[in-house]
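Residue strings, one per chain:
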Amino acid sequence: MKLYKISFIALAGLMTLASCSDIDEMEPASGSITEDQVKTSKDMIPARAEASFSSMFNMMGQPNGVFNRSSSRADDFGFITQAISCDCEGPDYIYDDSGYNWFSVCGEYSSRNANYANPYIRYATPYNQIKMANDLIRENKEATDSVGKNMCAQAHAIRAFDYLALVQYFQFNYQIAKDKPAVPIVTEETPDDQLSNNPRATVEAVFKLIMDDLTYAINNLDNKRTNKTRVNQQVAYGLRARVNLIMGNWADAAADADKAMAGYEPATITGPAFCDLSEPNWIWGIEITQNMTIGTNYAYATSSSWLSSFSGDGYAAACACYASINTLLWNKIPETDVRKGWWVDEDLHSPLLANESWGDAVGDDICTLEIDDVKMAFTPYANVKFGMKDGIGSTNNINDYPLMRVEEMILIKAEGLAKSGQEAEARNVLESFVKTYRDPEYSSAAAGRSLSDEIWYQRRVELWGEGFAMSDIMRLQKPVVRFHDDTNNQPTAFRFNIPADDPWLLMRFCDTETNTNAGIVDNSGSHQPEQDQYPNLRDGVTD
């Protein structure tokens, strides 16, 4: 095993140096992959069209997808990097504060530094994919054949997904900031000479493009597809359900979620899972193949390496850099809820490991198992939610990653109903799901939370580790509450709270963009959080 240890103090410097030297070689993100780099024409051969189309999806979890020309980074793997980064910036997902934690910039919120690699990856990845979607839309917008029409419709949906992955983090919630600047818009009609002076569009304008793209996709797709990495009509409905939720179109969000989840059933929890595209509760996901993980450090730039506590060749197990839950949330999960077993307790026990093994270790013995350069003992509250596609202890880091599950759609439906005045039906939807699949003793009123906060609590538990933490914080206008006192398990450097209106929550534009796009006026205000700041903040869930 070849894992790179970096001291915490040196980590920020390395990020800065890597960012300066590597990013300067890259194209500006909002115009990334120029016409000279990717030349297409209306008469391109079908094989090339299919290759471009497949590449648009493959890049979503591609190891070293941004820094492939210069260096191999263990934190560069497409939208999964973005998902983990956003969770690390939230209240519930914790990595240890050690030299092995490539995501420490998110834990400490230095991820706003404009020349750091992490924010650049999170900015460049969506815009690179937007460029590929724009090319496909341009080449297929007049298509009369079913293949071309289908590619065009899926490209519209992907472009909407990309802009949604940007707009939520560069400005506050649509409902309070729709006239504020968000991110530059680049479509298939944007001329190249505009990219050097392309101001930030308003939140409202970005959401109009997103909604137009998703409605186009819904109107031009059916539910046929080759596999669950592709977008069909149900996926497009699911994406529009998310957007309607953000915009406050509550009834529409519930209706779209209902269409998205038709025919799917929630998972029955019996052990570590959430690693295989074939899992029947997945509506859409990223597939990681063996070929994608071959190469220097490529195996480490994967969800297996960082999310699964069971990889035989990854950062989590080998370096005890386990993705763990904040005890503020874990303590709120009833013992009767099967999901409490998604994390080991303080005694390194989880009932979900009873039928699992790693070599000769069985059940809880897996937790204390140590293998030189492969696995260290679990730490309290480490997750066992995410299994290994090839089995516990596998060195094949080919775990797939969920982008949309039926459980999310159920929770969107419940929230949409609740906020559109249908509280009784919302409670019925919520309780039916949780009591049937998670906690037979569940009552939506038992914890004494508002129904809105109860649904958010369910999202925080159910979707933990799947990239929703900060998007929910931003759309619900909630503070980031990581600690109440010094008794929880947050690393000291990451132990702080952030008010809901703090400008530091907004991402900053990377140097590559501001240096090449004269139209950018960056976000500003506030400062990097300080240890133990705002100790009296509460969020309505972990109070």
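Predicted, not measured: the structure shown is a model, and the values here were computed from it.

### Some remarks on the overall build of the protein
- Each helix and strand in the protein was counted, giving 19 helices and six strands.
- For the protein, whose C-alpha radius of gyration is 22 Å, the value lies close to the compact-globule estimate of 24 Å for 543 residues.
- Taken over 543 residues, the protein has a buried fraction of 62%.
- Counted over contacts in the protein with a minimum sequence separation of 6, partners at least 24 positions apart contribute 73%.
- Accessible surface, the protein as shown: approximately 19,500 Å² in total, 48% of it carbon and sulfur.
- Placing the 46 positive and 76 negative side-chain charges of the protein at their respective mean positions leaves the two points 5 Å apart.

### Notes on empty space enclosed by the protein
- Counted according to the given criterion, the structure contains seven cavities of 30 Å³ or more.
- Here the largest cavity is characterised by a volume of approximately 370 Å³.
- Every residue lining the largest cavity is counted, 24 residues in all, and those nearest its centre are Gln168, Tyr169, Arg242, Gly467 and Phe468.
- No other element matches helix α6 (residues 146-170), which puts five residues into the lining of the largest cavity.
- Per-class residue counts for the lining of the largest cavity are 14 nonpolar, four polar and six charged.
- A volume near 120 Å³ is recorded for the second largest cavity.
- Counting residues per element, the ones that place at least two in the lining of the second largest cavity are α17 (451-462) and α18 (469-476).

### Digging into the confidence of the model for the protein
- Averaged over the protein, the pLDDT score is 92; the fraction of residues at 70 or greater is 91%.
- Looking across the protein, the model is least confident in helix α1 (residues 8-23), with a mean pLDDT of 34, and most confident in helix α15 (residues 406-419), with 99.
- This stretch, residues 5-44, has a pLDDT under 50; its non-local contacts, to residues over four places away or in other chains, come to 86 contacts.

### Brief notes about the environment of Asn399
- Within the secondary structure layout, Asn399 lies in the loop between α14 (365-368) and β6 (401-405).
- Classification of Asn399 as buried rests on a relative accessible area of 4%.
- Sequence separation of Asn399 and Asn536 is 137 residues, and the distance between their C-alpha atoms is 39 Å.
- With near-sequence residues (within four places) excluded, Asn399 lies in contact with Cys275, Ile288, Ser303, Ser304, Ser308, Gly387, Met388 and Lys389.
- A polar contact of 2.8 Å, which involves the side chain of Asn399, links it to the backbone oxygen of Gly387.

### Thoughts on the nonpolar core
- Counting residues in each nonpolar core, the largest one holds 152 residues, and the members touching the most others are Ile84, Tyr163, Phe207, Ile210, Trp284 and Trp306.
- With 15 residues, the top contributor of residues to this core is α6.
- Judged by nonpolar contacts, the second largest core, of 18 residues, contains Leu348, Trp358, Val384 and Ile392.

### Examining the side chain of Asn523
- Looking at the element boundaries, Asn523 is found in the segment after α19 (511-516).
- Residue classification places Asn523 among the buried positions, given a relative accessible area of 10%.
- A polar contact is formed between the side chain of Asn523 and the backbone oxygen of Met507, at a distance of 2.7 Å.
- In contact with Asn523, other than residues within four places in its own chain, are Phe170, Gln171, Arg200, Leu506, Met507 and Arg508.

### Some remarks on the layout of surface pockets
- Of the voids in this model, the second largest pocket is the one considered here, and its volume is about 200 Å³.
- As for the second largest pocket, its lining consists of Glu50, Phe53, Ser146, Val147, Asn150, Met151, Gln154, Lys224, Arg225, Thr226 and Arg230.
- When residues of the lining of the second largest pocket are traced back to their parent elements, those giving at least two are α2 (46-58) and α6.
- No other element matches the five residues that α6 contributes to the lining of the second largest pocket.
- Counted by class, the lining of the second largest pocket contains three nonpolar, four polar and four charged residues.

### Description of the environment of Gln154
- Position of Gln154 among the secondary structure elements: in helix α6.
- Excluding anything up to four places from it in sequence, Gln154 contacts Phe53, Phe57, Leu221, Arg230 and Val231.
- In this structure the side chain of Gln154 is engaged in a polar contact, spanning 2.7 Å, whose partner is the side chain of Asn150.

### Considerations on the pattern of salt bridges
- Per the stated rule, a full pass over the model turns up 34 salt bridges.
- Residue Glu89 pairs with Arg112 through a salt bridge whose shortest N-O separation is 2.7 Å. One end of the pair, Glu89, is in the loop between α3 (78-88) and β1 (93-94); the other, Arg112, is in the loop between α4 (104-108) and α5 (117-140), and 23 residues separate them in sequence.
- Given the relative accessible area of 2%, Glu89 is considered buried.
- One salt bridge in this structure joins Lys208 and Asp212, with 2.7 Å as the shortest N-O distance. A residue pair is termed a helical-turn pair when its members lie 3 or 4 positions apart in one helix, as Lys208 and Asp212 do in helix α8 (residues 203-220) at four residues.

### Some details on the environment of Glu346
- Within the secondary structure, Glu346 sits in the loop between α13 (327-330) and β4 (357-358).
- Every residue in contact with Glu346, bar those within four places of it in the chain, is listed here: Pro380 and Tyr381.

### Considerations on the side chain of His156
- By the secondary structure assignment, His156 is in helix α6.
- A polar side-chain atom of His156 sits 2.7 Å from a polar atom in the side chain of Asp213.
- With residues up to four places along the chain from it excluded, the contact list for His156 reads Ile137, Asp213 and Tyr216.

### Considering the state of the cysteines
- In total, this model carries zero disulfides according to the counting rule given.
- Of the cysteine sulfurs around Cys367, a residue in no disulfide, the closest is that of Cys275, at 17 Å.

### Digging into α17
- Under the 1.5 Å per step criterion, the end-to-end length of α17 is 16 Å for 12 residues, consistent within 8% with the ideal 16 Å.
- Burial of α17 is extensive: 11 of the 12 residues sit out of reach of the surface.
- Residues of α17 that are buried include every one of Leu451, Asp453, Glu454, Ile455, Trp456, Tyr457, Gln458, Arg459, Arg460, Val461 and Glu462, and no others.
- Along its buried surface, α17 packs onto α13, β6, α15, α16 (423-437) and α18.

### Observations concerning the packing of aromatic side chains
- Per the counting criterion, the structure on display carries 28 aromatic pairs.
- Aromatic pair Tyr123 and Phe509: ring centres 5.6 Å apart, planes at 75°, arrangement edge-to-face. Here Phe509 lies in the loop between α18 and α19 and Tyr123 lies in helix α5, a separation of 386 residues in the sequence.
- You can call Tyr123 buried: its relative accessible area is 1%.
- Note on Phe509: relative accessible area 1%, which makes it buried.

Scoring rules and cut-offs
Residues numbered from 1 in each chain as written. Predicted model: local features only at pLDDT ≥ 70, side-chain atom pairs only at ≥ 80, totals over all residues. Heavy atoms only, no water. Helix = DSSP H or I, 4+ residues; strand = E, 2+ residues; numbered from the N terminus. Rg over C-alpha atoms; globule rule 2.2 N^0.38 Å. Buried < 20%, exposed > 50% of the residue type's maximum accessible area, 1.4 Å probe, protein only. Contact = heavy atoms within 4.5 Å. Areas by Shrake-Rupley, 256 points an atom, 1.4 Å probe, with all protein chains shown as cover. Lys, Arg positive; Asp, Glu negative; His and termini not counted. Charge placed at Lys NZ, Arg CZ, Asp CG, Glu CD. 1 Å grid on protein atoms, 1.4 Å probe; cavity = no way out; pocket = protein on both sides within 12 Å on 5 of 7 lines; lining within 4 Å. Points joined across faces, edges and corners; volume = space filled by probe spheres on them. Nonpolar A, V, L, I, M, F, W, Y, C, P; charged D, E, K, R; others polar. pLDDT = per-residue confidence, 0-100. Polar contact = N/O pair within 3.5 Å; in protein donor to acceptor, adjacent residues only side chain to side chain. Core = buried A, V, L, I, M, F, W, Y, C linked by side-chain atoms within 4.5 Å. Salt bridge = Lys/Arg side-chain N within 4 Å of Asp/Glu carboxyl O. Disulfide = S-S within 2.5 Å. Expected span 1.5 Å × (residues − 1). Phe/Tyr/Trp six-rings, centres within 6.5 Å; stacked < 30°, edge-to-face > 60°.

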